Amino acid sequence: MRSRLVWCCLVVTGLAQGRDAADWVRDLGAPQNEVREAAERQLVSQGLAARQAVRSVLKDPDPEVRLRAQRIWQQVRWGLEPEPTQALLVLLADWRQGKSRGVPGFAETWGAQTLRAIPELRTEPDEAAQKLAGAIAQRICQRFKAVDIAAQLQAMPGEIPLASLASDSLTAEGYRTLVQVGNLLWQADAATALGLRAWRRWPEDRELRQPTLLAIRASGCAEAIWERLGKPVPERADFLLLAYLAEDTGTIPRFAELVAQGVPEGLAPDELTALADLLEQEDQLPAAKLLLERGDTAMLHYRLSRLLLCQDDPAGAAREWELALTKLADPGAIYTLASRLEQDGDSRAEIVWRKLLREDGKTDVYASNACFRLAAIHEARADYAVAADFYQRGLDCMEGAILMTVGGKSLTHEQAKERIAETIRTLRAQAATPP
Amino acid sequence: MTRRTIGRIVPLLLVLAGRAGAGYPVQATFPASPSAQLRVIFGAGGREVLLPGQVTFVLDAAAAGLFLQAEAQIGLNTEPPGLSLPLAPPNPLLTLHYDPALRLLRVVLAQEELTTLGLDPGDRVLPLPFLLRHREQFALYSISMQGGPATLVSLCRARYQLRLQLQRDYQLCSQLAIHLGERELSLAELQEGIGVEALDELADVVVAGTDPPGQPFVHTYQLDHRQLAKRVNDACEAAMKRLREFWRQP
């Protein structure tokens, strides 16, 4: 008899636990007040799980059901469990009173799930709620990695509208994280929308490029973007997007045609260089030339001189090289150009490195690096004595610590100095040895 | 419950489990040969040369010298694929012989003529530096215009790395299984590049699993090694030209 009772209890409990939110919502209109009260308590305690069912009766014809549903909705609308809901409501009240704080602790305690509250915060009419929504999104995107945010959102029921998380207060990093989250959750359309929106604001953000291009690929809208933006002389951000889209889809000749129609204003020198690189790689030299002609920096003139040389225009190449030399105003530009020349195996690197040398004997990081590079150039030419002199000069004018790695291992400043001194001794010995 | 009853119930449960689950996998096919990035790495690698068709050569000094000198080139495939014919001395299986009368370059496999190639050098008197590519081997021959067997000048070995342009981020997918033919791949290999010794080892890459919303999927990235070989052939032509331009000092 006793065991039968236990069975009955288990069955009854099982049935009670088996009731879902829709069943409790039906009970909101039950004839007995106790049943209606119990249903309301149950729905509030269910939180996120009850959200959808409660939303469906917000405009119920029965005034009592409607009233209770609206009361419950105030608790469950945020898409959070009861505890974080209470924390959010306290936070919202604080922000409405002008106390704009507490977001870091809230985000730290409740994690990425708090993003679920943002779509509802956005429906609030006041500015404080809007700012709080932006602050939560920014904090979560700043604090957590995209993969962790996506994993938390994936583990929760329902799909979060990612597009609603974006706001003007979100930084480039925040947008980038959201695009990555969209890609991870396979919400390609939302990720594309976020990516394009961010691209318009931060077209120079290189880390935004890959996730945005992946989102465009997954949503299959590359062609539509080309048709919409691929008009003559698009804006700078659109022009850059189309360039990388062309690279992604293997249609660089299409971008070359766009360049031939006109290049927008405002492209930075490094953007012009990067786009010219893309075109040169695919042998689209006329278009690359058009881009390089748009800038007036030493690097762009040098690149143009190399391109003209490839096109059998030595006079044009010489002219551009002369122009490049006139643009070497600051040590940073000289250093960058010299490094590029050396990378290209261009013997004129020596001329540019020499422009960084100082005659006043003062310490200078650029001058010492130039000395070391010139030493290496002379060592390769077997001018051992000159190489040794340059190494010594580099040591003498060294500013700050020497950063040197040998065989993948970093050396301390003293170890690096000793190693260079040893090289100088070896070079002097080689110079003294008859050939 | 008898064994017979269990035998009836189990298949029924399996069918029901299948219906209750996420259903049949969503299949999609992506042509991957045109957009895949290809890296051809010679020896320990070194200088990167970006070439048309999203091909990058990573050249060591020997390979750079080889492309700098070569004036003509050809790729040699075998049927069935996957067979490597050694070009290295002392006993190369594959050799080249030039016939100046017929202006034909003969490719000889162990005394047997494998194929011939028309080679018209015009008025050329100097030997022709000729690049022969065969799977992982890149050999530079010097072909005497007076005829006879070509001399092997340099032999480099390369490995290939293919990076597919993925259509989805698979990081949060579950039960992920990735295969290149019968070879199992890790997600890291798929993301960072699939290494092969020769292009004819490539087959379709199949990614199967359950997507983040819970739907099973099978994605097939179609790879055609002939298309990729064509891209490598074009890249070799471009590399020969680029390196000559590169070393041309102002």
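Not measured: the values here are computed from a predicted model. As a convention, each chain's residues are numbered from 1 in the sequence order in which they are written. A letter from A marks each chain and a number from 1 marks each ligand, given out in the order of writing. Local features in a predicted model are, by the rule used here, given only for residues with pLDDT of at least 70; side-chain atom pairs are given and counted only at 80 or more, and totals for whole chains, interfaces and linings are based on all residues. Think of the side-chain values as coming from all heavy atoms in the structure, minus any hydrogens and water.

Caption draft 1: Layout of the overall build of chain B. What chain B contains, in helices and strands, is four helices and 17 strands. Each of the 250 residues in chain B was classed as buried or not, and the buried ones make up 42%. Residue contacts are counted whenever heavy atoms from the two residues lie within 4.5 Å of one another. Long-range contacts, defined here as pairs at least 24 residues apart, represent 58% of the contacts in chain B between residues at least 6 apart. When the accessible surface of chain B is summed, it comes to about 13,100 Å², and 55% of that surface belongs to carbon and sulfur atoms. Going along the chain from the N terminus, every DSSP run of H or I of four or more residues is numbered as a helix, and every run of E of two or more is numbered as a strand. Using a 1.4 Å probe on the protein chains alone, a residue whose accessible area is under 20% of its type maximum counts as buried, one over 50% counts as exposed, and one in between counts as partly exposed. Using a 1.4 Å probe, the Shrake-Rupley method yields the accessible areas, and only the shown protein chains count as cover for residues.

Caption draft 2: Spatial organisation of the overall build of chain A. Regarding its fold elements, chain A presents 25 helices and two strands. C-alpha extents for chain A along the principal axes are approximately 110 × 55 × 50 Å. A total of 435 residues make up chain A; the buried ones form 47% of that total. At a minimum sequence separation of 6, the contacts of chain A that also span at least 24 residues come to 60%. Asp and Glu count as negative and Lys and Arg as positive, but His and the ends of the chain are not part of the count. By convention, the charge on Lys lies at NZ, on Arg at CZ, on Asp at CG and on Glu at CD. Looking at chain A, you have 53 positive and 61 negative side-chain charges, and the mean spots of the two groups are 6 Å apart.

Caption draft 3: Geometry of helix α13 (residues 206-219) of chain A. All names here are of chain A. In this model, α13 (14 residues) spans 21 Å end to end at C-alpha, consistent with the 20 Å of a helix rising 1.5 Å per residue. Those residues of α13 lying buried are Leu 208, Arg 209, Pro 211, Thr 212, Leu 213, Leu 214, Ala 215, Ile 216, Arg 217 and Ala 218. Those residues of α13 hidden inside the fold are in contact with α11 (172-184), α12 (188-201), α14 (222-229) and α15 (236-248). As used in this structure description, the phrase polar contact means that two N or O atoms lie within 3.5 Å; if the pair is within protein, one of them must be able to donate a hydrogen and the other to accept it, and residues adjacent in sequence are counted only when both atoms belong to side chains. Measuring from the side-chain oxygen of the N-cap residue of α13 to the backbone nitrogen of Glu 207 gives 3.0 Å; that N-cap residue is Asp 205. Directly after α13, the chain includes Gly 220, whose backbone phi takes a positive value near 65 degrees. A helix is expected to span 1.5 Å multiplied by its residue count minus one.

Caption draft 4: Examining the interface of chain B and chain A more closely. Each partner contributes residues to the interface: chain B has 28 residues there, and chain A has 29 residues. Interface of chain B and chain A: buried area, both sides summed, is about 2,500 Å²; carbon and sulfur atoms make up 49% of it. A carboxyl oxygen of Asp or Glu within 4 Å of a side-chain nitrogen of Lys or Arg is what we treat as a salt bridge. One can count one salt bridge joining chain B with chain A. The residue B:Arg242 makes a salt bridge to A:Asp283 at a minimum N-O spacing of 2.8 Å. Buried area, as used here, totals the accessible surface that two parts lose on assembly, with accessibility defined by a 1.4 Å probe and the loss added over both.

Caption draft 5: Expanded view of the environment of A:Leu279. All names here are of chain A. Among the secondary structure elements, Leu 279 is positioned in helix α17 (residues 269-281). Using a relative accessible area of 0% as the deciding quantity, one classes Leu 279 as buried. Once the C-alpha coordinates of Leu 279 and Leu 196 are considered, the two residues, 83 residues apart in sequence, prove to be 23 Å apart.

Caption draft 6: Summary view of the packing of helix α19 (residues 298-310) of chain A against helix α20 (residues 314-326) of chain A. Residue and element names in this part refer to chain A. Only the contacting stretch of a helix is used when fitting its axis, a line to C-alpha atoms as for every element, and angles between N-to-C directions run 0 to 180 degrees. Contact pair α19 / α20: the axes reach a minimum separation of 8 Å and the direction vectors enclose 165 degrees. In terms of their interaxial angle, α19 and α20 are classed as roughly antiparallel. Our pair here, α19 against α20, has a crossing hand that is left-handed. Note on element contacts: α20 touches α19 through Pro 314, Gly 316, Ala 317, Glu 320, Trp 321, Leu 323 and Ala 324, opposite Ala 298, His 301, Tyr 302, Leu 304, Ser 305, Leu 308 and Leu 309. Partitioned by chemical class, the residues of the contact of α19 with α20 number 10 nonpolar, three polar and one charged. Oblique is the label for any angle not covered by the other classes, which are roughly parallel (under 35 degrees), roughly antiparallel (over 145) and roughly perpendicular (65 to 115). By definition, any crossing whose near helix is turned counterclockwise from its far helix by less than a right angle is left-handed, and any crossing with a clockwise turn is right-handed. Here the term charged refers only to Asp, Glu, Lys and Arg, the term nonpolar to Ala, Val, Leu, Ile, Met, Phe, Trp, Tyr, Cys and Pro, and the term polar to all other amino acids, Gly among them.

Caption draft 7: Seen up close, the packing of helix α9 (residues 127-143) of chain A against α11(A). Residues and elements named next belong to chain A. Packing of α9 against α11 leaves a shortest axis separation of 9 Å and a crossing angle of 75 degrees. By the angle between their axes, α9 is roughly perpendicular relative to α11. When α9 is examined against α11, the residues Gln 138, Cys 141 and Gln 142 are found in contact with a partner set consisting of Glu 173, Gly 174, Thr 177 and Leu 178. Looking at side-chain class alone, the contact of α9 with α11 contains two nonpolar, four polar and one charged residues.

Caption draft 8: Broad picture of the packing of aromatic side chains. Geometry of aromatic contacts follows a simple scheme: Phe, Tyr and Trp rings, the Trp one being its six-membered ring, pair when their centres are within 6.5 Å, and the pair is stacked under 30 degrees between planes, edge-to-face over 60, tilted otherwise. Under the criterion given, the structure shown has 16 aromatic pairs over all chains. Their ring planes at 85 degrees and their centres at 5.6 Å tell us that B:Phe42 and B:Phe67 sit as a pair that is edge-to-face. Of this pair, B:Phe42 sits in strand β2 (residues 37-42) while B:Phe67 sits in helix α2 (residues 61-69); the two residues are 25 residues apart in sequence, bridging distant segments of the chain. In this pair, the class of B:Phe42 matches that of B:Phe67, namely buried. Among the aromatic residues, those joined into a cluster by ring pairs are B:Phe42, B:Phe57, B:Phe67 and B:Phe138. Over a ring means this: the NZ of a Lys or the CZ of an Arg is within 6 Å of the ring centre and within 35 degrees of the ring normal. Here A:Arg209 stacks its cationic end above the ring of A:Tyr244, 3.6 Å away from the centre of that ring.

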